[in-house]
Amino acid sequence: MAAWLEHDRKVLVDQAMRQFQLHPSQVIAHAFIEAPGRACKRARYPRGPWRYSRYQLLLFLLTQDGVRQVDIELDFELTTSRITQRLNYRFDAVAAVRIEGAAGQQQTFKLTLFNGDPVSVQVSVPDGETDPHEDDPTKITELSQDASGLSHTLHVLEGIAAEGKQWVRHHRRRADEKIASLASAVRHVSD
């Protein structure tokens, strides 16, 4: 399921870039949040993350000038995807990013824009199906959030909320430093 979802993500990024008429060179970074879809079935391997028959995906494409966001419904049983919303906003329009709720309980991702428009999605639900002797609900929540891309996306969006457009410059500088470091290591190994 994770492999299918990863392949679908690649297709969805490509589709979103075409809809926004963006070239790959214009996208600095992208990030996803995967949340359970409405009326979905769910299952998991013991000690593994939850997987769903339907997902609500939030895709964030970061460009030099701002964020392009696409909300997508993905249904594995019907093998369909449908864009439900498109948003565009500048980096400086992001007022706050947060997760509400404690691990192991219902958690909601919230992004607030300065104009007051909220972007909100329930990213986890209370887990009434785990055996407390075998499974730690907090660990399962953490595993599921890591699998959903929430940690990475939260890191990126928190950086944007804190730094605004400066985040782009810092991100590019860090990426350039990482490439230079790798190139130096490759030269050192080949010498």
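Look up: the structure comes first, before these words.
To start, this report covers the structure provided alongside it. Within each chain, residue numbers correspond to sequence positions counted from 1 in written order. At least 70 in pLDDT is required for a residue's local features to be given in this predicted model, at least 80 for side-chain atom pairs to be given and counted, and no such filter applies to totals for whole chains, interfaces and linings, which use all residues. Note that water and hydrogens are dropped before the side-chain values are worked out from all heavy atoms of the structure.

## Overview of the packing of aromatic side chains
Each Phe, Tyr or Trp ring, with Trp reduced to its six-membered ring, pairs with another whose centre is within 6.5 Å; inter-plane angles below 30 degrees give stacked pairs, above 60 give edge-to-face pairs, and intermediate values give tilted ones. The final tally for this structure, using the stated rule, is four aromatic pairs. Ring centres of Tyr52 and Tyr55 lie 5.5 Å apart, and the angle between their planes is 85°; this geometry places the pair in the edge-to-face category. In this structure, Tyr52 and Tyr55 share a single accessibility class: buried. Cluster of aromatic residues (ring-pair linked, three or more members): Trp4, Tyr52, Tyr55 and Phe76. Across the ring face of Trp50, the terminal group of Arg42 is positioned such that the distance to the ring centre comes to 3.9 Å. For every residue, the accessible area (1.4 Å probe, protein chains only) is compared with the maximum for its type, and the residue is labelled buried under 20%, exposed over 50%, or partly exposed between those bounds. The criterion is that NZ of a Lys, or CZ of an Arg, lies within 6 Å of the ring centre and within 35 degrees of the ring normal, and then a charge sits over that ring.

## Things to note about the sheet that holds strand β1 (residues 27-36)
With respect to topology, four strands assemble into an open sheet ordered β1-β4-β5-β6, the strand pairing being antiparallel. The sheet is open, and its two edges are formed by β1 and β6 (80-89), each paired on a single side. The mean angle between the axes of side-by-side strands here comes to 20°, regardless of whether they run parallel or antiparallel. When DSSP finds two or more bridges between two strands, those strands count as paired. In this text, helices come from DSSP runs of H or I with a minimum length of four residues, and strands from runs of E with a minimum of two, each type numbered from the N-terminal end. One ladder, built from nine bridges, connects β1 with strand β4 (residues 54-63); its direction is antiparallel. Bridge pairing in β4 links Ala35 to Gln56. Should any heavy atoms of two residues lie within 4.5 Å, those residues are considered in contact. Interaxial angles span 0 to 180 degrees and are taken between N-to-C directions of axes, which are lines fitted to C-alpha atoms, for helices over the stretch in contact. On the sheet, helix α1 (residues 2-19) packs against β1, β4, β5 (67-75) and β6 and is oriented at approximately 50° with respect to β4.

## Here we look at the sheet that holds strand β8 (residues 107-113)
The strand order across the open sheet formed by three strands is β7-β8-β9, and the pairing between neighbours is antiparallel. In this open sheet, the two edge strands, each paired with only one partner strand, are β7 (94-100) and β9 (118-124). On average, each strand axis in the sheet is tilted by 10° relative to the strand beside it, whichever way the strands run. Note: β7 against β8, six bridges, orientation antiparallel. Paired with Ala96 across the strands is Thr112, a residue of β8. Packed on one face of the sheet, helix α3 (residues 150-163) meets β7, β8 and β9 and runs near 150° to β7.

## Observations regarding the side chain of Arg9
Within the secondary structure layout, Arg9 lies in helix α1. Beyond its immediate sequence surroundings of up to four residues, Arg9 is in contact with Phe32, Glu34, Ser148 and Gly149.

## Quick word on the nonpolar core
The term nonpolar core refers to a set of buried residues drawn from Ala, Val, Leu, Ile, Met, Phe, Trp, Tyr and Cys, joined through side-chain atoms within 4.5 Å. By size, the foremost hydrophobic cluster in this structure holds 26 residues, and its most contacted members are Ile33, Phe60, Leu62, Tyr89, Phe109, Leu111 and Ile160. With five residues, α3 is the largest single contributor of residues to this core. Once residues within four sequence positions are removed from consideration, Ile160 is found in contact with Leu62, Val67, Phe91, Val94 and Trp167.

## Overview of the pairing of β4
In terms of residue burial, β4 counts as a mostly covered element, since eight of its 10 residues are buried. Inspection of the sheet shows β4 paired to β5 by nine bridges, in the antiparallel sense. Each bridged residue has a counterpart across the sheet, and for Arg54 the counterpart in β5 is Asp75. Hairpin connection from β4 to β5: three residues lie between these consecutive antiparallel strands.

## Examining the packing of α3 against helix α4 (residues 166-190)
Helix-helix packing: each pair is described by the crossing angle between the helix axes and the interaxial distance. Two numbers describe how α3 lies on α4: the axes approach to 8 Å, and their chain directions differ by 125°. Here α3 lies oblique to α4, going by the angle between them. Taken together, the residues of α4 that come into contact with α3 (itself represented by Val156, Gly159, Ile160 and Glu163) are Gln166, Trp167 and His170. Basically, the charged four are Asp, Glu, Lys and Arg, the nonpolar ten are Ala, Val, Leu, Ile, Met, Phe, Trp, Tyr, Cys and Pro, and anything else, Gly included, counts as polar. Per-class residue counts for the contact of α3 with α4 are three nonpolar, three polar and one charged. What sets the label is the angle itself: under 35 degrees gives roughly parallel, over 145 gives roughly antiparallel, 65 to 115 gives roughly perpendicular, and the rest give oblique.

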